[in-house]
Amino acid sequence: MPLRPSPNPTSLINSSPFSLFPPSACAVGGGCGGGVVGARLAEAGWQVLVIEAGPAPTPETTVPGLNVALYFTDTNWEYHIAPQRYSNQYFIGKGGRILQGRVMGGSASTGGLVYARGNRRDYDLWAELGNPGWDYESVLPYFKRSEDFQGPLPPGAEAFHGRGGPLGVTRSAKSSPVTQAFLAAGRELGFSEVDSNSGSQVGFARSFYTTKNGARTSPAEDWIRSALLTHPNLHVLTDATVQKILFDHDKRAVGVEFVRGKERRVVRVTREVVLSAGALATPKLLMLSGVGPAAHLQKHGIPVLLNLPGVGQNLQDHFNVHGLSWTVPKGALGSPNMFTAALQYYFSRTGPFTEPLGDKTTAWVNVGSGDSSWPNIQCHILSSTPAFDFGLFTARLLSISSEKYNAYFGPILGAEGFTIECQLSRPKSRGEVLLRSRNPDDYPIVDPNFLSHPDDVDTLVKGIKFGVSIANTSALGGRFGAKLHKRLLPGCEHYAFGSDGYWACYVRHMGTSYIHPCGTAKMGPPEDPTSVLDENLKVRGVSGLRVVDASAIPAIPSANIMAAVMMIGERAADLITEDWRGRPPRPPS
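Everything numeric here is computed off the predicted structure, so don't read it as measured data. (Residues numbered from 1 in each chain as written. Predicted model: local features only at pLDDT ≥ 70, side-chain atom pairs only at ≥ 80, totals over all residues. Heavy atoms only, no water.)

1. Considering empty space enclosed by the protein
Unoccupied space between atoms shows up once a probe the size of one water molecule is rolled over them. We count it as follows: Using only the protein atoms, space was sampled on a 1 Å grid; points where a 1.4 Å probe fits but cannot get out form cavities, open sets with protein on both sides within 12 Å along at least five of seven lines form pockets, and lining residues are those with an atom within 4 Å of a point. Grid points are joined across faces, edges and corners, and a volume is the space filled by probe spheres set on the points. Helical segments are the DSSP runs of H or I of at least four residues, strand segments are the runs of E of at least two, and each set is numbered from the N terminus. Under the scheme applied, nonpolar residues are Ala, Val, Leu, Ile, Met, Phe, Trp, Tyr, Cys and Pro; charged residues are Asp, Glu, Lys and Arg; polar residues are all the others, including Gly.
Taken as a whole, this structure holds five cavities of 30 Å³ or more when the rule is applied. If you add up the space inside the largest cavity, you get close to 100 Å³. What lines the largest cavity is a set of 16 residues, among which Val114, Ser207, Thr362, Trp364 and Gln378 lie closest to the centre. Broken down by secondary-structure element, the contributors of at least two residues to the lining of the largest cavity are strand S20 (362–365) and strand S21 (377–382). Residue composition of the lining of the largest cavity, grouped by class: seven nonpolar, seven polar and two charged. For the second largest cavity, the calculated volume is near 60 Å³. The wall of the second largest cavity is formed by Leu315, Gln316, Asp317, Phe319, Leu424, Pro427, Ser429, Pro448, Phe450, Leu451 and Asp456. Residue composition of the lining of the second largest cavity, by class: seven nonpolar, two polar and two charged.

Put into structure tokens, the structure is as follows:
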């Protein structure tokens, strides 16, 4: 069932209901932040308009097993990473791609469906950085409020999970030989199997996915759609791109200007504009509207409304190392027949397609000094190598040229095997998002500045060595007769294979974004000159404007960020309604 559009959506701006009853709030973006806060505000009785640049989700987005295929569709923004000095050397342009969902529901409608909250210490750190109310005990109720956990939980875990919320969450039911072997490898190394969203994150864990009854769940399906069916005060405008936030002479956000098709339109609000365009588009939109680093805005001829140096700064992302692969004898992994699996899903909505295809069982560990309960590395196993398809799709997916792809993976093209990917959970490197020009249609410059901090390289080298130790166990490598692909990576031939120097070189060449950008309009105390938001998500120096998306995150969680952004959306709705309780709407300008 498609999202119910408002009647004659392009007329909403100049005719009923908004000519008589302008929206109380306009959410710019319908993803994990905007979709959640928009629906919750409508439930609270607000007139809400959600403006989404992309379309409503298509039927294939609801099939978990098709998630990788969605990366090749136009439901994504194809941002490009600026050429990197310290990393990404093996990728096209020394940068490659960084995809973000361009569809109602955002990346939750197109991405890998992994529901992982991170660590208690992640959120305690947010509070320690000057953001009261964002410590773990304060945010846990919002995680639980959004969740509708499916199935049984281990003893003690129920207190950490929610039942009956809008978002279906299901623990992976895979019992494949790869999953079983990976978990057994963890036990061999002295780690327990854990529910990583409960008391302890450290250990080996089955993935949790945003699914229910075999279908993907997301803000589009579970917040927006549900609210549209019961709340006529919620209106959704898809395929409409906001290009500017409008301010009055008192620096109060009074509306937005957007383009839909060939029409340029304006909508004004009586209370607030909620900016939820994502960690790459939100700073761009702030800067296009005159809010950001003054010198940068002046360089592009943009009148400066407010000099806010932190806009676009503090870009963080998990850094993932590709290509660490092992080959196995044909048939050793017991891979399912995809045709049979597709039929099974079509007729009964069961089988492998109810989850992302392949195994993605995870190890969360701390490989350095410090708090051993706070992971700095996440390693997961994939039940194929990047060479399984001879590069037909994988080379493009990874953004590696065919020449470089064949130069490294040539000897194992088409071979069966598995891959262990390790990500840096808490990077110390920081990057930035800058305007390419004052043209709203131009993508921003995205420079993560990966591995600019030397500690990140050291941690990843230890992480790769831990990943190799997983494969070297009798439970995993021994069981399948696995052989590590030992071809020297072009560009790293002057190092001995397996040495720390080789792995450091490998990391700098074969690592890139794990598609979790955040932090580019961070919340923080007023004494922090790089903070953009206060602890209530209000943009400093203006009024009537909040940011509710991954941009607000001050320090990246040690897990996939989707669950954290939904939590921010849930808490933002309470912050906004509490702030306005008992206050009449402002008359529209």
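There is more to say, and it comes next.
2. Looking at the pattern of salt bridges
Going by this rule: We define a salt bridge as a contact between a side-chain nitrogen of Lys or Arg and a carboxyl oxygen of Asp or Glu at a distance within 4 Å. The classification of residues rests on relative accessible area computed with a 1.4 Å probe and restricted to protein chains. Under 20% of the type maximum is buried, over 50% is exposed, and intermediate values are partly exposed.
Tallied over the entire structure, the rule returns 23 salt bridges. The shortest N-O distance in the salt bridge between Lys330 and Glu416 comes to 3.8 Å. Here the residue Lys330 occupies a position in the loop between strand S19 (325–327) and helix H8 (338–348), and Glu416 occupies one in the loop between helix H10 (402–409) and strand S22 (417–424), the gap between them amounting to 86 residues. Look at Lys330 and you get exposed, because its relative accessible area is 77%. When the shortest N-O distance is used, the salt bridge between Asp579 and Arg546 registers 2.9 Å.

3. Describing the nonpolar core
Put simply, the rule reads: The term nonpolar core refers to a set of buried residues drawn from Ala, Val, Leu, Ile, Met, Phe, Trp, Tyr and Cys, joined through side-chain atoms within 4.5 Å. Here a residue-residue contact requires only that any non-hydrogen atoms of the pair lie within 4.5 Å.
Ranked by internal contacts, the top residues of the largest apolar core, which has 94 residues, are Ile51, Trp126, Trp134, Leu537, Leu545 and Met567. The dominant element in this core, judged by the number of residues it contributes, is helix H14 (residues 562–580), at twelve residues. Residues in contact with Met567, not counting those within four places in the same chain, are Tyr123, Trp126, Trp134, Val139, Tyr142 and Phe143. Grouped together as the second largest cluster of nonpolar side chains are 65 residues, Phe182, Leu315, Leu324 and Phe480 included.

4. Considering the pairing of strand S1 (residues 25–28)
Counted only if it meets this: Strand pairing follows a simple DSSP-based rule, namely that at least 2 bridges must link the two strands. Handedness of a crossover is defined as follows: with both strands directed away from the viewer, a clockwise route from the first strand across the helix to the second makes it right-handed.
Neither face of S1 is exposed, since Ala25 and Ala27 on one face and Cys26 and Val28 on the opposite face are all buried. Both S1 and strand S2 (residues 48–51) contribute to a ladder of four bridges, which runs parallel. Note on S2: the bridge partner recorded for Ala25 is Val48. A crossover links S1 with its parallel partner S2, the connecting element being helix H1 (residues 34–43), and its sense is right-handed.

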